[in-house]
Each structure stands twice: as structure tokens, then as C-alpha cells.
Amino acid sequence: MTTTDTRPAPRTSTQKTRTQETRHEHSWATESRHATSAGYVVYVRCTACGSHRVDLQGHRELPPAPLTRVVGGAS
């Protein structure tokens, strides 16, 4: 029997990719907050991985909305 007569063994990996290792639900903590004409600009950091993001809170009673993508994090 030759190798053309058999199916190749599936290649699976037990290692996680970097994206899978760092993917989690962020728990944002406010580092600073500044009043602007558009509302409050809030600088936040994830307490688990250290990633940063900038949010805009239009009114004190509204939840902040992200202005930027997540930047940084644990490597």
C-alpha cells in the first residue's frame, strides 16, 4: 500500500492561538475622565489584561460609548 491509498491524518493543534488566549470580556476601570463640549471623555483600562480604550459619555446618566478600539493588552 502506498501513501496515495490512505487518507492523510487530520492535523489538529492543542495550542491556542494568541487571539484565543487573550479573548475575554473586559472589565473596564476608569483611569481618568474629562469634561468636553460633547460630554465626558473617559479613559478606561481593563483590570484583567491592561488594554486601554477611550469612551464618550454624552450625559452623566447615560452609559459611555467607545470612541476607540481596544489598544494594547498582555502579550
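For the structure given in this document, a descriptive report is provided here. (Residues numbered from 1 in each chain as written. Predicted model: local features only at pLDDT ≥ 70, side-chain atom pairs only at ≥ 80, totals over all residues. Heavy atoms only, no water.)

## A look at the environment of Arg53
The condition that has to hold: We count a stretch as a helix when DSSP gives it H or I for four or more residues in a row; a strand needs E for two or more, and each element gets its number in order from the N terminus. Note on contacts: a residue pair is in contact if any heavy atoms of the two residues lie within 4.5 Å. In the analysis that follows, any N or O atom pair within 3.5 Å is treated as a polar contact, provided that within protein one partner can donate a hydrogen and the other can accept it, and provided that, for residues neighboring in sequence, both atoms belong to side chains.
Mapped onto the elements, Arg53 comes out in strand 3 (residues 52-57). Expressed as a C-alpha distance, the spacing of Arg53 and Arg69, which sit 16 residues apart in the sequence, is 6.3 Å. Filtering out sequence-adjacent residues up to four positions away, Arg53 remains in contact with Trp28, Val42, Tyr43, Val44, Pro66, Thr68 and Arg69. For Arg53, the side chain forms a polar contact with the side chain of Asp55, separated by 2.8 Å.

## Digging into the packing of aromatic side chains
Threshold: A pair of aromatic rings is counted whenever rings of Phe, Tyr or Trp (Trp by its six-membered ring) have centres within 6.5 Å, and the orientation is called stacked for planes under 30 degrees apart, edge-to-face for over 60 and tilted otherwise. Any Lys NZ or Arg CZ found within 6 Å of a ring centre and within 35 degrees of that ring's normal is scored as a charge over the ring.
A complete count under the given rule lists zero aromatic pairs for this structure. The cationic tip of Arg33 hangs over the ring face of Tyr40; the distance from NZ or CZ to the ring centre is 4.1 Å.

## Describing the pattern of salt bridges
What counts, and what does not: Salt bridges are defined as contacts in which a side-chain nitrogen from Lys or Arg sits within 4 Å of a carboxyl oxygen from Asp or Glu. When accessible area is computed with a 1.4 Å probe and restricted to protein chains, residues below 20% of their type maximum are described as buried, those above 50% as exposed, and intermediate ones as partly exposed.
One pass over the structure, following the stated rule, counts two salt bridges. Glu31 is paired through a salt bridge with Arg45; the nearest N and O atoms lie 2.8 Å apart. Of this pair, Glu31 sits in strand 1 (residues 28-36) while Arg45 sits in strand 2 (residues 39-46); the two residues are 14 residues apart in sequence, bridging distant segments of the chain. Residue Glu31 is classed as partly exposed on the basis of its relative accessible area, which comes to 44%. Arg53 is the salt-bridge partner of Asp55, the closest N and O atoms lying 2.8 Å from each other. Grouping residues by exposure puts Asp55 and Arg53 together as buried.

## Description of the sheet that holds strand 4 (residues 65-66)
Going by this rule: Criterion used throughout: strands pair if DSSP finds at least two bridges between them.
The strand order across the open sheet formed by four strands is 1-2-3-4, and the pairing between neighbours is antiparallel. The open sheet has two edge strands with one neighbour each: strand 1 and strand 4. In this sheet, strand 3 lies alongside strand 2 in antiparallel orientation, the contact comprising six bridges. Along strand 3, the bridge assignment pairs Tyr43 with Val54.

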